[in-house]
Amino acid sequence: MLWLHQVIETNKIKRLATEVEWLLVQAKSEAVMRGENVDVIINGAATTHWSLVSKTASSSIVLGEINSSSFGNIALNSNFASSIVEFNKLNGRPNIQGRYSFNNIPNQLEDAVFRT
């Protein structure tokens, strides 16, 4: 039964990696399309109670959100210099480089990584 649990947890991490990738691609596209910088903000990094939110920089319209409620026991980590990554309105590029990584807290399954 342990192998089945590991497969389920690994698939959950893969699904999270895909959702984070989509959120970042959306932030990049929205910044250029709207002609307005878009912020992606991580709250609660390195804990199992986290959220990742993208919103317009000036009007704070929420464009997308991923949170830990659908991904129990998975920690979202970041090595960005700031908790806010801003996507430029002219070219859609992030203002800083870094990565998000995810790991299963109880079993410490290996991370999935997404880099900007």
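Residues numbered from 1 in each chain as written. Predicted model: local features only at pLDDT ≥ 70, side-chain atom pairs only at ≥ 80, totals over all residues. Heavy atoms only, no water.

S.K.: Tell me about the sheet that holds strand 1 (residues 38–43), residues and numbers included.
M.R.: Spatially, four strands are ordered 3-2-1-5 in an open sheet, and the strand pairing comes out antiparallel. The sheet is open, and its two borders are formed by strand 3 (62–67) and strand 5 (84–87), each paired with just one other strand. Across the sheet, the axes of successive neighbouring strands diverge by a mean angle of 15 degrees, strand direction being ignored. Sheet analysis places strand 1 next to strand 2 (residues 51–56), joined by six bridges and oriented antiparallel. Following the sheet pairing, Val 38 is matched in strand 2 by Thr 56. Across the sheet, helix 1 (residues 2–34) lies against strand 1, strand 2, strand 3 and strand 5, angled at about 165 degrees from strand 3, the strand it touches most. (Pairing = 2+ DSSP bridges. Helix = DSSP H or I, 4+ residues; strand = E, 2+ residues; numbered from the N terminus. Axes fitted to C-alpha atoms, helices over the stretch in contact; angles between N-to-C directions. Contact = heavy atoms within 4.5 Å.)

S.K.: Tell me about the environment of Ala 45, and please be specific about residues and values.
M.R.: Position of Ala 45 among the secondary structure elements: in the loop between strand 1 and strand 2. Taking the C-alpha atoms as reference, Ala 45 lies 5.2 Å from Asn 77; in sequence the two are 32 residues apart.

S.K.: Describe the nonpolar core, and please don't skip the residues or the numbers.
M.R.: Ranked by internal contacts, the top residues of the largest apolar core, which has 23 residues, are Leu 16, Val 20, Val 40, Leu 52, Tyr 100 and Phe 102. Elements that contribute at least two residues to this core include exactly helix 1, strand 1, strand 3, strand 4 (74–78), strand 5 and strand 6 (99–104). Of the residues forming this core, the biggest block, eight residues, is contributed by helix 1. What Leu 52 contacts, discounting residues up to four positions off in sequence, is Val 20, Leu 23, Val 40, Ile 41, Ile 42, Gly 64, Glu 65, Ile 66, Leu 76 and Tyr 100. (Core = buried A, V, L, I, M, F, W, Y, C linked by side-chain atoms within 4.5 Å. Buried < 20%, exposed > 50% of the residue type's maximum accessible area, 1.4 Å probe, protein only.)

S.K.: Summarise the environment of Ile 66; cite the residues concerned and give the values.
M.R.: Position of Ile 66 relative to the elements: it lies in strand 3. With residues up to four places along the chain from it excluded, the contact list for Ile 66 reads Leu 16, Glu 19, Val 20, Leu 23, Trp 50, Ser 51, Leu 52 and Phe 71.

S.K.: Can you tell me about helix 1, naming the residues and giving the values?
M.R.: Compared with an ideal rise of 1.5 Å per residue, which puts 33 residues at 48 Å, helix 1 spans 47 Å between its outermost C-alpha atoms and is within 8% of the ideal. Within helix 1 the residues assigned to the buried category are Glu 9, Lys 12, Ile 13, Leu 16, Ala 17, Val 20, Leu 23, Leu 24, Ala 27, Glu 30 and Ala 31. Phi for Gly 35, located one or two positions after helix 1, is positive at around 70 degrees. (Expected span 1.5 Å × (residues − 1).)

S.K.: I'd like to hear about the packing of aromatic side chains, residue by residue, with values.
M.R.: The relation between two aromatic rings is expressed through the spacing of the ring centres and the mutual angle of the planes. Enumeration over the complete set of coordinates arrives at two aromatic pairs. Centroid distance Trp 50 to Phe 71: 6.3 Å. Interplanar angle 25 degrees. Geometry classified as stacked. With a gap of 21 residues between them, Trp 50 in the loop between strand 1 and strand 2 and Phe 71 in the loop between strand 3 and strand 4 connect regions that are remote in the sequence. Trp 50 sits in the buried class, given a relative accessible area of 3%. Ring geometry for Phe 80 and Tyr 100: centres 4.9 Å apart, planes at 55 degrees, overall tilted. Of this pair, Phe 80 sits in the loop between strand 4 and strand 5 while Tyr 100 is found in strand 6, placing the two residues 20 residues apart along the sequence. For Tyr 100, a relative accessible area of 0% puts it in the buried group. (Phe/Tyr/Trp six-rings, centres within 6.5 Å; stacked < 30°, edge-to-face > 60°.)

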